[in-house]
Structures are given as structure tokens and as C-alpha cells.
Amino acid sequence: MSVWLGILQALTLVAVIGGLYRPLGDYMATIYTSHKDLAIERGFYRLIGVDARGQQTWSAYLRGVLAFSLVGVLFVYTIQRAQAVLPYSLGFDAVPAGLSFNTAVSFVTNTNWQSYSPDVTLGYTVQIVGLAVQNFVSSAVGLAVAIALVRGLMLRRSGTIGNFWVDLTRGVLRLLLPLAVIAAIVLLAGGVIQNFTGFTEVNTLTGASQSIPGGPVASQEAIKELGTNGGGFFNANSSHPFENPSGWTSLFEIVLMLAIPFSLPRTFGTMVGDKKQGYTILATMATIFVISLTALTLFELRAAGAAPALAGGAMEGKETRFGIIGSTLFATTTTLTSTGAVNSMHDSYTALGGMMPMLNMMLGEVAPGGTGSGLYGMLILAVIAVFVAGLLVGRTPEYLGKKIGPREIKLASLYILVTPTLVLAGTALSFAIPAVRADVEATSIWNPGLHGLSEVLYAFTSAANNNGSAFAGLTANTPWFNTALGVAMVLGRFLPMVFVLALAGSFAAQDRVPATAGTLPTNRPQFVGLLLGVTIIITALTYFPVLALGPLAEGLQ
Amino acid sequence: MSASRPRTGPLARPYWVALRAMLVFTVVLGVAYPLAITLVGQLALPAQANGSLVTTADGVVGSSLIGQSFTDADGAVLPEWFQSRPSAAGDGYDASASGGSNWGPENPDLIQAIGDRQAAIEDLDGATTDEIPADAVTASASGLDPHISPAYALLQVPRVAAARDLPETEVRALVESVERARDLRFLGEPTVNVLNLNLELATLDFGK
């Protein structure tokens, strides 16, 4: 019964996302290739002092990305430190320095890791003026970088790859803002709250008192999912009934998370003038998604482990209205994109079930990944796949007519190395430095035994991949985690962007070599298989040992 | 303000642009956007926007989306009310401290808690362990789950009926009338909203 409902739910999702693929993908291609500016955009460019016609080299583009992000971090940091004097702060004090740093970095890097419980830490002003703004712009930055890479593949003998400020502005004003307005209104209709009334004290049916929270939640929830951000207005995130009231709102939020990332391959295909290239990327993403969803759902329905077996079902940390099937689809979506919102508590999943979200992130969040970051991640893997195939047959590899030479493969390899290094080093250091280990074990880890290691591994996997979900039993509001995870988020976001933009620059500078009989076609099913193989082998070889120490050991004991 | 270009070098220039862009975005996305959505919510969908509050003759008694405890001040079950799921939000259904237990599948504390909850329900409702559905002995993700499964609601019917001196058939019919099917018949799970059920129960009692 559950299995059939799960299949029906997945088919509905496929139909909706499939229906959006062409119109949304082509719309995004139009946004980023149009030569016309809207009147409102011209005003905006005048206000910020940008010449919209000016084209940037890859390094100037990168400087724009980094400058904008640094200003964002300082802005979000400052506003948290000033919370005590801001209006609508609900009486909450200034956020401590270490936590402010972690949170500022977290929202600017599109991670939305939350070391704090928003219910008892943040007022409305910090939430909307600080965090929600980053939900929009961090997503638009990811999109801009992905588009820059696609332009690199599209252009010939070009010294420039576009204009960051224009890409940023168009992403926000033409894509994210209009969609967020629609999504917020739909969520409102579904029961998500939107007010500024603070807490309502009520006398319950039994005469007890309950303090019902308010807040501008719908506006935040919409962009939180659409921009693959994931930072909850409430501690319980999208499991909170005020963020996600029903079975259908949950599926709607899943659609919001997937709409842009799954349509970007179309944008790519349209921009490079070969729509089949888009379909191969899409097929690879979709295959991983379906396999991962199936595995997680079966693990949770099987309810292995002492506690789930005793209870007769893996319902700890899950909501009645979503059930197992509605929870596993959300969990798969949130970790295969870079969202990190949750409608169930991953820490309480069965051992092997809890491994799946981790594995999803370890794949590099490419199926379909975050807004923009998913596409550029997958294109990097495509470059590696082409290179591997080239080695096998002894030819100079090419992707879309661009030669993959030493410089290109070095950049792609560096990209691939960043997150595993951060994840494994961060996890290892948490246990290798004696003083840190003592603190991690005494203060941070919540569940005893192997599960405790999984909590730390999950945290670094989530931070380095800019996901933001957690094995939330972990107390991360400590100097070690606020700092180490903060560093992992910054490096995990911006180092890959450096390599992607450098690669974009080097592709753009090349001419396009014509395809010959010896060129590996990258628009056929064969390439889907190759790309899948490369993705899975890289991930498996990197992470198998550490997974064996945590969730695999717990699940197989 | 028009294009007033400060005298900055090429390296400082992106920071100046970034700062101005951040300020304008903040006004549009951080102020205008949430206020516009609030306006839409308050004008067009006020019931939802304000938390789906439930009002009786006694005033606001809660939100139909936020679960409540039906216990006495010491946390002991009040047998005349349908019980919600266990909750890890504060001391139970504390709507200002949402969250789950985050206990892992092998955590001894969770195993202990599930066993204790099963024993309590066996005592209270005369059910065997096999008859107790999983949602009755596990805490939800939000700690504010307003629902229980129809199976758990039906399990509680004899106890509630006895405590209120009502015929079981009448109470069971009430549960069935409050039960909601899956959204669109296939999304999520069938649910019984405990607050709504208990409100109906109160009127039934009153009409007797």
C-alpha cells in the first residue's frame, strides 16, 4: 500500500517537474541571454553604479561574487549583533559573536546551517531584513556562476564571460522574486502564517496555557525552498505546522526546491544550442534521484533498528500528516538539492536510512543540486567523465568542442577535491585534537555510540556541501563547531566558485573545435552511463571508509 | 541618487557597488516583499495568516494546526480527552520551543521511552503492544503534531466513552467524522486532528 502511494506521489512529482522543464528552462535562458534591460533594472543599475553593457573577465566576475558575498556576511553579522535595538525583536538580545559569524556565513553561502534555535534566538527583523534577503541573493549568486560557466562553453575566443551584477539582478528580479510571490500566496492559502503579532497566549481546552507563535513565515518559506536555502523560521523547520501544514503543502514545497535546479539543464542545452546536451544532464540527475529516493523509502518502511522495531514503525521524528512516504521524499529532495530544510528529523531515521541524506550530499549535491551549484557541479563531473573516456581511447578529450587540456582538468580536479577534504578533515580534527574531542563528546554529541560519529560527520558533510540540514541532536552552538563549520561553509562555497569561473574563462577563450568521428558524443544515453559511473565512483572511493565507521556499522550491527 | 562615481581604484570598486546593491536589495526583498505578502495575507486570507486560531465561547483555545497536551498540570493523562502523540517540544507541546527528540534508532533512552509509553497505553486503554500504532509511542518532528493516526484515535474510543459515560458507537462515529483522508487521496497519511476531535467531543457531552 505505502509503496504504491509512494510511486504515485513520485509520478506526480515527475509530471509537474517534467511540465516545468521546458518553459522554465527556456525562460531562464532568455533571462540570461537577453540584451534588453527592464526599466526597473535600468534604475537599479543607476542606483548601484553599474554599466549593464560592460562585460567582465572571469576574474572581474569573481571579484564581484566575492565582494558581494563579503558585504553580505558583514551586513548579516552586524544586524544580528544589533538585534537588541531593532524593532520586532520579540525581546531577544543581541546574538553572540561566534553564533552571529556562523549564521551570517551560513546564509550568505546558501547553506542555512542553524547552530541556533530560531524560536528562542531571532526576532522578525533579523529574519526578514537579514536572512530572507540572503535567501534571495545567495541563490541568485549560485545561478550567476552556473550561467557564467555555460557562457564559457557557449562563447568562442572571448575574453569575457558576462556581467555579474546584471546576472545577479536579473536572477532576483525576473526569476526568484516573482516566483516567490506566487509561492508565498499558495502557502498562505495552505495555512502558513504571515503576521507580525508575536506570541498569542491561549487557554487550551484543559485550561493550560499555550504560547502560539506568529511571524512573517510564508514570505520566508517560499524563498527558503525556491532558492534551495533551507533555513527554518522555526526550530522544527518544515516539520512545523506553521511552515508546512499539510500533505499537499509538503509536496508543493518539494516542487519549489526542485523546479529551478531540474530546469537548469534545459537552460544549459538551450544556451549551448544543443538541447540533447541538456537531456543527458537531466537524465543523469533524475536517475540518481530515483535510486536514492527508492533506497531511503525502503529503509524507512523496513524500520530496522531497536527503537523502530519496538515501536512498530520508524515514526520517531516524523509527522503524522506526512507519514513515512511524505518524509522520505522530502528528505531526499532536501539533501540532493542544497536546501537542507527538513520535514522530519534525520537524526532519528533508521541507521541506513540516515546514511542516505549523507550520501546524497556526498555526491556533491548534483542531482539536481542547488540553484546553480547543482548545474555547475554536474558540468564539472561531465568534464571529468569526458577526460576519463579520453584516457581510455587515447584521444584529447573535448566537451562541447572545448578541449580539456591540463589547465582545465586541474581546475576540475581541484573542484572535486574541495568538499571531501573539508568533510574528512573537519570530522577527523573533531576527534583528533584532545581538547576539542573532549568538548565534542561532552557537549555536542547527543546520541551515544556510533550514531555520535554520524552526527559529526553529517555536520561537516552538510556544511562543506552548503546543505544545512543536520543530525540535529548535535549541539553545534560551541566555539569549535561555530568556527569549524563556518570555515567549511566559506571554503566549500567559494573555492569551487573560483575554479568554476576560472574554467569558464578558459573555455570562453578557446575556439570551438569541430566534432569528428573520434569525438565522444555527450548527448546520448551512453554518456549518461559514463557520467553516472564517474559520479558514483568518485563519491564511493572518497567516503566509503568513513561511512563504514558510522552509519554502515550502526546499520549492520 | 544618480550615478555618482566615487574615486575608487578598480579593486575597491566592486565593494562599493556591492554595498549599494545590498542596501537596495534589502529594501526590496527584506522590507517591501514581506510587507506585501503580509498585506495579501491579512486582507485575503486572514484566518490562515493569523495561525488558524480556534475560537469557542471561552475565547481562543488554540490553533487547529498546533497540537496540545490533554493532561493535568503534572502531565498525567486526563482519560476523558483523546490524547495527542508524545512531544519533545519543551515539556510537551510547548509552541515556543518546537523540535523533535533527535534520539537515534539505537539510543537506549528512546528504547526505554517507547517501552514506557507502550506500558502506559496498555494500562490505560487495555490494548496489547501489537495493537498500539507507532505514532502513539513516538515523538513527532515538530513536537507540535496536531494529528494522530485514525488507528490511535480508535484505540482510545472505549476509554474516552467510559470516562464520559457515552456510548462507544457515538464516540467512534465522532472520530470517523473528524478523520481526514490523505490530501488528494494519495498525499501524506490519513489523520485525526486531536483538538478538533476533542472540541466536538465537548459539544457532544454538552448536548447530552
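Residues numbered from 1 in each chain as written. Chains lettered and ligands numbered in written order. Predicted model: local features only at pLDDT ≥ 70, side-chain atom pairs only at ≥ 80, totals over all residues. Heavy atoms only, no water.

Participant: Quick one: what's the story with the overall build of chain B, residue by residue and with numbers?
Facilitator: Counting its regular elements, chain B contains six helices and four strands. In chain B, the order of α-helices and β-strands from amino to carboxyl end is α-α-β-β-α-β-α-α-β-α. Here the C-alpha coordinates of chain B stretch approximately 85 × 45 × 40 Å along the principal axes. Out of the 208 residues in chain B, the part that is buried amounts to 50%. Surface accessibility of chain B: about 9,200 Å² in total, with carbon and sulfur atoms responsible for 57%. (Helix = DSSP H or I, 4+ residues; strand = E, 2+ residues; numbered from the N terminus. Buried < 20%, exposed > 50% of the residue type's maximum accessible area, 1.4 Å probe, protein only. Areas by Shrake-Rupley, 256 points an atom, 1.4 Å probe, with all protein chains shown as cover.)

Participant: Go over the interface of chain B and chain A, please, and point to the residues and values.
Facilitator: Across the contact, 100 residues belong to chain B and 101 residues belong to chain A. When chain B packs against chain A, close to 7,900 Å² is buried across both sides, 68% of that on carbon and sulfur atoms. A per-residue breakdown of the area chain B buries against chain A is headed by Met 22, Tyr 33 and Asn 102 of chain B, which together make up 9% of the total. At the junction of chain B with chain A, the criterion picks out 40 residue pairs in polar contact (both at pLDDT 80 or more). Of all the secondary-structure elements, those providing two or more residues to the side of chain B that touches chain A are helix H1 (13–44), helix H2 (46–49), strand S2 (59–63), helix H3 (108–125), strand S3 (147–148) and helix H6 (194–207) of chain B. Per-element accounting of the side of chain B that touches chain A gives the leading share, 25 residues, to H1 of chain B. Here the side of chain B that touches chain A is composed, by residue class, of 54 nonpolar, 34 polar and 12 charged. (Contact = heavy atoms within 4.5 Å. Buried area = accessible area lost by both parts, 1.4 Å probe. Polar contact = N/O pair within 3.5 Å; in protein donor to acceptor, adjacent residues only side chain to side chain. Nonpolar A, V, L, I, M, F, W, Y, C, P; charged D, E, K, R; others polar.)

Participant: Break down the confidence of the model for chain B for me, citing the residues and quoting the values.
Facilitator: All names here are of chain B. In the predicted model, chain B carries a mean pLDDT of 93, and 93% of its residues have values of at least 70. Ignoring residues within four places in sequence, the model shows residues 1–7, a span with pLDDT below 50, making nine contacts including any to other chains. Two summary scores accompany this predicted model of the complex, namely pTM at 0.97 and ipTM at 0.95. (pLDDT = per-residue confidence, 0-100.)

Participant: I'd like a description of the nonpolar core, backed by residues and values.
Facilitator: Soluble globular proteins tend to pack their nonpolar side chains together in the buried interior. Of all hydrophobic cores here, the largest spans 156 residues; its most connected members are Phe 68, Phe 268 and Tyr 399 of chain A together with Phe 25 of chain B. There are two domains that each give this core at least three residues, and those are domain 1 (1–50) and domain 2 (53–207) of chain B. Those residues within four positions of Phe 68 of chain A in sequence are excluded, and the remaining contacts are Val 137, Val 141, Phe 164, Trp 165 and Leu 168 of chain A together with Ala 18, Ala 21, Met 22 and Phe 25 of chain B. Core analysis: the next-biggest nonpolar cluster, separate from the first, contains 35 residues, Val 61, Ile 121, Ile 148 and Ala 161 of chain B among them. (Core = buried A, V, L, I, M, F, W, Y, C linked by side-chain atoms within 4.5 Å. Domains from an automatic or database assignment.)

Participant: Run through the pairing of S2 of chain B, naming residues and quoting values.
Facilitator: Residues and elements named next belong to chain B. Across four bridges, the pairing between strand S1 (residues 53–56) and S2 is antiparallel. Residue pairing for S2: Thr 56 is matched across the bridge by Gly 59. Counted between consecutive antiparallel strands, the loop separating S1 from S2 contains two residues. (Pairing = 2+ DSSP bridges.)

Participant: If you had to explain helix H12 (residues 351–362) of chain A to someone new, which residues and values would you point to?
Facilitator: All names here are of chain A. With 12 residues, H12 extends 17 Å between its outermost C-alpha atoms, agreeing within 8% with the 16 Å of an ideal straight helix rising 1.5 Å per residue. For H12, the tally of buried residues reaches 11 of 12 residues, placing the bulk of the element in the interior. Residues of H12 that are buried: Ala 351, Leu 352, Gly 353, Gly 354, Met 355, Met 356, Pro 357, Met 358, Asn 360, Met 361 and Met 362. In the stretch just after H12, Gly 364 is the one whose phi turns positive, near 100 degrees. (Expected span 1.5 Å × (residues − 1).)

Participant: A description of the packing of helix H14 (residues 406–432) of chain A against helix H15 (residues 434–444) of chain A should follow, citing residues and the corresponding values.
Facilitator: Residues and elements named next belong to chain A. Packing of H14 against H15 brings their axes to within 5 Å, and their N-to-C directions diverge by 95 degrees. Between H14 and H15, the angle falls in the class roughly perpendicular. Here Leu 429, Ser 430, Phe 431 and Ala 432 of H14 lie close against H15, whose contacting residues are Pro 434, Val 436, Arg 437, Val 440 and Glu 441. In terms of residue class, the contact of H14 with H15 is built from six nonpolar, one polar and two charged. (Axes fitted to C-alpha atoms, helices over the stretch in contact; angles between N-to-C directions. Parallel < 35°, antiparallel > 145°, perpendicular 65-115°, else oblique.)

Participant: Which residues make up the domain arrangement of chain B, and what values go with them?
Facilitator: Looking at chain B, the domain boundaries give domain 1 (1–50) and domain 2 (53–207). Computed over C-alpha atoms only, the centres of domain 1 of chain B and domain 2 of chain B are separated by 44 Å.

Participant: Tell me about the packing of helix H8 (residues 247–271) of chain A against helix H9 (residues 275–302) of chain A, residues and numbers included.
Facilitator: When two helices pack together, their arrangement is given by the angle between the helix axes and by the axis-to-axis distance. Residues and elements named next belong to chain A. Running from amino to carboxyl end, H8 crosses H9 at an angle of 150 degrees, the nearest separation of the two axes being 5 Å. As far as their axial angle goes, H9 and H8 are roughly antiparallel. Regarding H8 and H9, the two cross each other, and that crossing is right-handed. Contacts from Leu 258, Pro 261, Phe 262, Pro 265, Arg 266, Phe 268, Gly 269 and Thr 270 in H8 reach Lys 275, Gln 277, Gly 278, Tyr 279, Ile 281, Leu 282, Met 285, Ala 286 and Phe 289 in H9. Looking at the contact of H8 with H9 residue by residue, the classes come out as 11 nonpolar, four polar and two charged. (Left-handed = near helix turned anticlockwise from the far one by under 90°.)

Participant: Run through the layout of surface pockets, naming residues and quoting values.
Facilitator: What the largest pocket holds in volume is close to 990 Å³. Within the residue set of the lining of the largest pocket, elements represented by two or more residues are strand S2 (209–212) of chain A together with H3 and helix H4 (150–164) of chain B. Broken down by element, the residue count for the lining of the largest pocket peaks at seven residues, all from H3 of chain B. Among the residues forming the lining of the largest pocket, the class breakdown is 16 nonpolar, 14 polar and nine charged. In this structure, the second largest pocket encloses a volume near 660 Å³. Together, 31 residues line the second largest pocket, and Gln 114, Tyr 116, Asn 235 and Ala 472 of chain A together with Asn 102 of chain B are the ones closest to its centre. Looking at the lining of the second largest pocket residue by residue, the classes come out as 14 nonpolar, 17 polar and no charged. (1 Å grid on protein atoms, 1.4 Å probe; cavity = no way out; pocket = protein on both sides within 12 Å on 5 of 7 lines; lining within 4 Å. Points joined across faces, edges and corners; volume = space filled by probe spheres on them.)

Participant: Break down the packing of aromatic side chains for me, with residues and values.
Facilitator: With the rule as written, the count across this model stands at 20 aromatic pairs over all chains. Considering the side-chain rings of Phe 164 of chain A and Trp 165 of chain A, the 5.0 Å spacing of their centres and the 65 degrees angle between planes classify their relative orientation as edge-to-face. Each of the two residues, Phe 164 of chain A as well as Trp 165 of chain A, counts as buried. Considering the side-chain rings of Phe 460 of chain A and Phe 481 of chain A, the 6.0 Å spacing of their centres and the 45 degrees angle between planes classify their relative orientation as tilted. Taken together, the residues span a long stretch of sequence, with Phe 460 of chain A in helix H16 (residues 450–464) and Phe 481 of chain A in helix H17 (residues 479–509) at a distance of 21 residues. Assessed through its relative accessible area of 2%, Phe 460 of chain A is described here as buried. Linked through ring pairs, Phe 44, Tyr 45, Tyr 61, Phe 68, Phe 164 and Trp 165 of chain A together with Phe 25 of chain B together constitute an aromatic cluster. Across the ring face of Tyr 349 of chain A, the terminal group of Lys 318 of chain A is positioned such that the distance to the ring centre comes to 4.2 Å. The ring of Trp 81 of chain B is capped by Arg 164 of chain B, whose NZ or CZ atom sits 4.4 Å from the centre of that ring. (Phe/Tyr/Trp six-rings, centres within 6.5 Å; stacked < 30°, edge-to-face > 60°. Lys NZ or Arg CZ within 6 Å of the ring centre and 35° of its normal.)

Participant: Outline the side chain of Thr 138 of chain B, supporting the account with residue identities and numerical values.
Facilitator: Checked against the element boundaries, Thr 138 of chain B lands in the loop between H3 and S3. In this structure the side chain of Thr 138 of chain B is engaged in a polar contact, spanning 3.0 Å, whose partner is the side chain of Arg 85 of chain B. Within polar-contact distance, the side chain of Thr 138 of chain B engages the backbone oxygen of Ala 134 of chain B at 2.8 Å. With residues up to four places along the chain from it excluded, the contact list for Thr 138 of chain B reads Ala 311, Met 315 and Glu 316 of chain A together with Arg 85, Pro 86 and Arg 117 of chain B.

Participant: For the pattern of salt bridges, give the residues involved together with the corresponding values.
Facilitator: Across all of its chains, the model carries 17 salt bridges over all chains by this definition. Of the charged contacts, one joins Asp 511 of chain A and Arg 157 of chain A as a salt bridge, the two residues approaching to 3.3 Å between their closest N and O atoms. Linking Asp 511 of chain A in the loop between H17 and helix H18 (525–549) with Arg 157 of chain A in the loop between helix H5 (124–154) and helix H6 (164–190), this pair joins segments that are 354 residues apart in sequence. Judged by its relative accessible area of 34%, Asp 511 of chain A is partly exposed. Among the residues examined, Arg 157 of chain A registers a relative accessible area of 64% and is labelled exposed. For Arg 159 of chain B, the salt bridge is made with Asp 125 of chain B, and the minimal N-O distance between the two is 3.0 Å. Taken as a pair, Arg 159 of chain B in helix H4 and Asp 125 of chain B in helix H3 lie far apart in primary sequence, 34 residues in all. Its relative accessible area of 8% is what places Arg 159 of chain B among the buried residues. On the basis of relative accessibility, which here comes to 14%, the residue Asp 125 of chain B falls in the buried class. (Salt bridge = Lys/Arg side-chain N within 4 Å of Asp/Glu carboxyl O.)

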